Amino acid sequence: MFLKAGISGIDMNKRNKNKIPEAFGVVTGCVFLIALFCFIPIPFGHIFFEGKTDVNFPHHEFVELIAALLSICCMILLGFADDVLDLRWRHKLLLPTIASLPLLIVYYVNFNSTTIILPKIVHNIISKSIDIGFLYYIYMGMLAVFCTNAINILAGINGLEVGQSIIISSCVIIFNMIQIINDSVAEKHQLSLYIMLPYLATTLALWKFNKYPSQVFVGDTFNYLSGMTFAVVGILGHFSKTILLFFIPQILNFLYSVPQLFHFIPCPRHRLPKFDPETGLLNYSKTTFKENELNSLGRLIFVILKTLKLIKWEKNEDDGIIICNNLTIINFFILFTGPIHEEKLNNYILVFQIICSCFAFLIRYPLAQYFYSD
Ligand code: UD1
Ligand code: MG
């Protein structure tokens, strides 16, 4: 059906150039939503069966779940529109902001808590906490933009988008369970589990078809849906900082990508590694430019990257054209490993994600106690 509708892409890292169905995240996304819709009566239905009155009904929790569903649903729609219409980058930034509005409104009505706890070292200088007011809402809107796009730009090899999402969601589930056992505001973490468990289940099904060699591509639909789901549970569960801890590889990839994302250094349409049909291996992909074509900030960034040896580059002496690797951590990995098989590269990056997640738990539990009081 997808091929017939023309919603397909070509796997650039394979010898055969067959069309592969794209935007398959819309299928698992819909199953995820159906599961959640059917689940709504389960945490709330018992109140009616026990004969309690409307007064006892937890309207606050109910509206949070419905708003979470609305934001996720909206993001699937916008993501699918992006896959079909191939939107511009500025729209990609706008879509998650709009989709997060229902959530932010519910947050405003239910909590409107815009206070952040400060680390112990600044308690004497400033205070224990600080109310940042409207800025907190901007931060939450930006969290949704970051989560969706951070997954989308760490992509391009079979199974990577889905693999990283499986690891992040597993970490969130483990974190929620630890918090429930420790009995810290259990309802918030329960709500997160209601959303995360069906998300993980449907994503595992997607993995079966998207892992190397991909039979389907997940499309931006899946990346948007995933990012929004993580942002939703982080915002409603009041653990957005912890969510960001599980995004360490994505944050590194974003920071490394900044010069290309903001066009200080030219950014081609695709930055995924380059396939060599002779060896069947992937090598890092490149961008080309003349140093005098860069603006002053671009030249400064290029010098810093060169000095810190964060890029591999060469200069063509005849025409002065500089050839440099595209700034993604996928290409950065290949700088160390040399030409590598796609599946192996994906496994390495996912192992890196797992190592970063262990580090995140270390920061969240033993180390956080030194910086924040309970
Ligand atoms: C983002 C990246 C882009 C990367 C692309 C790959 C930025 C700014 N953008 O763009 O550099 O090339 O994702 O998804 O970093 N594809 C494969 N193999 C895969 C997955 C995708 O060949 O395992 C190709 C297919 O042709 C597919 C296309 O990538 O059709 C999907 O690209 P799309 O999601 O539209 O790219 P962006 O998200 O805009
Ligand atoms: Mg994409």
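Residues numbered from 1 in each chain as written. Chains lettered and ligands numbered in written order. Predicted model: local features only at pLDDT ≥ 70, side-chain atom pairs only at ≥ 80, totals over all residues. Heavy atoms only, no water.

Draft legend 1. Fine view of the coordination of the magnesium ion (ligand 2). Distances from the magnesium ion (ligand 2) to its protein donors, N152 (OD1) and D220 (OD), fall at 2.1 Å. One end of the pair, N152, is in helix 6 (residues 134-153); the other, D220, is in helix 9 (residues 219-236), with 68 residues separating them in the sequence. (Donors = N, O, S within 2.8 Å, 3.2 Å for Na, K, Ca; no water. Helix = DSSP H or I, 4+ residues; strand = E, 2+ residues; numbered from the N terminus.)

Draft legend 2. Spatial organisation of the pairing of strand 7 (residues 286-290). Side chains of strand 7 alternate between two faces, with T287 and F289 buried and K286, T288 and K290 left unburied. Direction of pairing for strand 7 relative to strand 9 (residues 321-325): antiparallel, over a ladder of five bridges. Across the sheet, residue K290 finds its bridge partner in strand 9, namely I321. (Buried < 20%, exposed > 50% of the residue type's maximum accessible area, 1.4 Å probe, protein only. Pairing = 2+ DSSP bridges.)

Draft legend 3. Layout of the pattern of salt bridges. A complete count under the given rule lists six salt bridges for this structure. In this structure, the salt-bridge partner of K188 is E64, at a minimum N-O distance of 3.8 Å. With K188 in helix 8 (residues 186-210) and E64 in helix 3 (residues 59-85), this pair connects stretches of sequence that are 124 residues apart. Each member of the pair K188 and E64 is classed as buried. In this structure, K92 engages D220 in a salt bridge whose closest nitrogen and oxygen atoms are separated by 3.0 Å. You can see K92 sitting in helix 4 (residues 89-99) and its partner D220 sitting in helix 9, a full 128 residues away along the chain. Residues K92 and D220 agree in their burial class; the two are buried. (Salt bridge = Lys/Arg side-chain N within 4 Å of Asp/Glu carboxyl O.)

Draft legend 4. The layout of surface pockets, seen in detail. There is about 1100 Å³ of room inside the second largest pocket. In terms of lining residues, the second largest pocket is bounded by 32 residues, among which I117, H238, K241, T242 and R364 are the most central. Of all the elements in the fold, those that place two or more residues in the lining of the second largest pocket are strand 3 (115-117), helix 6, helix 7 (160-181), helix 8, helix 10 (240-245) and helix 14 (342-371). A per-class count over the lining of the second largest pocket returns 17 nonpolar, 11 polar and four charged. (1 Å grid on protein atoms, 1.4 Å probe; cavity = no way out; pocket = protein on both sides within 12 Å on 5 of 7 lines; lining within 4 Å. Points joined across faces, edges and corners; volume = space filled by probe spheres on them. Nonpolar A, V, L, I, M, F, W, Y, C, P; charged D, E, K, R; others polar.)

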